[in-house]
Every structure is written in C-alpha cells, then in structure tokens.
Amino acid sequence: MKPSEGVAIALSGGGFRAMLFHLGALWRLNDMAWLSRFQAVSSVSGGALLAGRLCVRPMLDALRRLDRDQLRDDMRHKVNLIREDYAAFVRQCRAFAQAANLQCDDQVFAEYLEVPEPI
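Only a predicted model underlies this, so the values are computations on that prediction, with no experimental measurement involved.

Here we look at the overall build of the protein
Part 1: On a plain count of helices and strands, the protein comes out with four helices and two strands.
Part 2: Among the 119 residues that make up the protein, the fraction classed as buried is 13%.
Part 3: Summed over all atoms, the accessible surface of the protein reaches about 9800 Å², with 60% contributed by carbon and sulfur.

Given below as structure tokens:
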C-alpha cells in the first residue's frame, strides 16, 4: 500500500476493555471535531471490534446509494483486466521457458490459458 497524506488512527487490542477505552477516546475526539478528519483506521482485537462497528453504518449507507449498473460495469472491467494480465503472464512464462531452452509442455501452457471469455 502506498503511503498517503492525511490523518489516521490506530486502535490497539485488549479485548472488551480496549474497546471501551477506545470508545471513550473516540467520543472525546468527536467532541473536539477531530473524528471526521481521519482518513484511515488501523486496528486489532478489541480495537477492531469498535472499528468494525463504526464502519458498518457508513458502509451500508454507501451501498444503498450505489448505482448498481455502474458497479456491475466497473467490476466487469476489473475482472477483464485481471484476465488479460493473467493471460499475458502465462505467455511470458512460456516465452521465458522457450528462451531458456527449458523443456516445455505446450499442453500445460494451453490449459493455463483456458480462462473464461471476457464477461
């Protein structure tokens, strides 16, 4: 993951007690108008319980606003890009094997290239 500018928060572990501690800390940060400044949350264990709960509502609201047709088109495009990258990688492996005079089973490479047609 590439580093980015902005403010993030880390919520440590410690089970239920950590979750309660973080809840108090986030409550105070919200009172000070800081909570909305965070672009990312990193968490484990008890901190993850709270972070997950905080993320559920905004995520559900965002899903309700999605344009389903646009999402389907975006996903289709991404799947097709992955398919093309995979096929190019297999062809490069085959070319490398041939250039290195390695024993090559063309049937094996053909099977790896048998990926579904674009969707």
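Focus on unusual backbone geometry
Part 1: Unusually for a residue other than glycine, A33 sits at a positive phi of about 65 degrees.
Part 2: Looking at the secondary structure, you find A33 in the loop between α1 (15-31) and β2 (38-43).
Part 3: Backbone geometry at S45 places phi at a positive 45 degrees, although glycine is not the residue there.
Part 4: Structurally, S45 is set in helix α2 (residues 45-65).

Some words on the packing of aromatic side chains
Part 1: Tallied over the entire structure, the rule returns zero aromatic pairs.
Part 2: Note that R37 overlies the ring of W34, its terminal NZ or CZ placed 4.4 Å from the centroid.

Considerations on the pairing of β2
On a regular strand, each side chain points to the face opposite its neighbour's, so the side chains alternate between the two faces of the sheet.
Part 1: Taken together, the five bridges between strand β1 (residues 7-11) and β2 define a ladder with parallel strand orientation. Within the sheet, the bridge partner assigned to I9 lies in β2 and is V41.
Part 2: For the handedness criterion, the β-α-β arrangement of β1, α1 and β2 is classed as right-handed.

Quick look at the environment of E5
Part 1: Note that E5 resides in the segment before β1.
Part 2: A relative accessible area of 80% places E5 in the exposed class.
Part 3: Each C-alpha atom, one on E5 and one on Q39, is 9.0 Å from the other, the two residues being 34 residues apart in sequence.

Quick notes on the confidence of the model for the protein
Part 1: Across the protein, the average pLDDT comes to 78, with 81% of residues at 70 or higher.
Part 2: At the level of individual helices and strands, the protein shows its lowest average pLDDT in helix α4 (residues 106-112), which scores 70, and its highest in β1, which scores 88.

Thoughts on the nonpolar core
Part 1: If you look at the biggest cluster of nonpolar residues, it comprises six residues: I9, L11, L26, F38, L50 and A51.
Part 2: Mapped onto this core, the elements with two or more residues apiece are β1 and α2.
Part 3: The residues contacting I9, other than those within four sequence positions of it, are L26, L29, F38, A40, V41 and S42.

As for a nonpolar patch on the surface
Part 1: On the surface, F16, L20, L23 and W27 cluster together to form a nonpolar patch covering roughly 470 Å² of accessible area.
Part 2: The topology assignment puts F16 in helix α1.

Criteria and thresholds
- Residues numbered from 1 in each chain as written.
- Predicted model: local features only at pLDDT ≥ 70, side-chain atom pairs only at ≥ 80, totals over all residues.
- Heavy atoms only, no water.
- Helix = DSSP H or I, 4+ residues; strand = E, 2+ residues; numbered from the N terminus.
- Buried < 20%, exposed > 50% of the residue type's maximum accessible area, 1.4 Å probe, protein only.
- Areas by Shrake-Rupley, 256 points an atom, 1.4 Å probe, with all protein chains shown as cover.
- Phe/Tyr/Trp six-rings, centres within 6.5 Å; stacked < 30°, edge-to-face > 60°.
- Lys NZ or Arg CZ within 6 Å of the ring centre and 35° of its normal.
- Pairing = 2+ DSSP bridges.
- Right-handed = clockwise from strand over helix to strand, strands pointing away.
- pLDDT = per-residue confidence, 0-100.
- Core = buried A, V, L, I, M, F, W, Y, C linked by side-chain atoms within 4.5 Å.
- Contact = heavy atoms within 4.5 Å.
- Patch = residues over 30% accessible without salt bridge, like charges linked within 9 Å, V, L, I, M, F, W, Y side chains within 5 Å.
- Salt bridge = Lys/Arg side-chain N within 4 Å of Asp/Glu carboxyl O.

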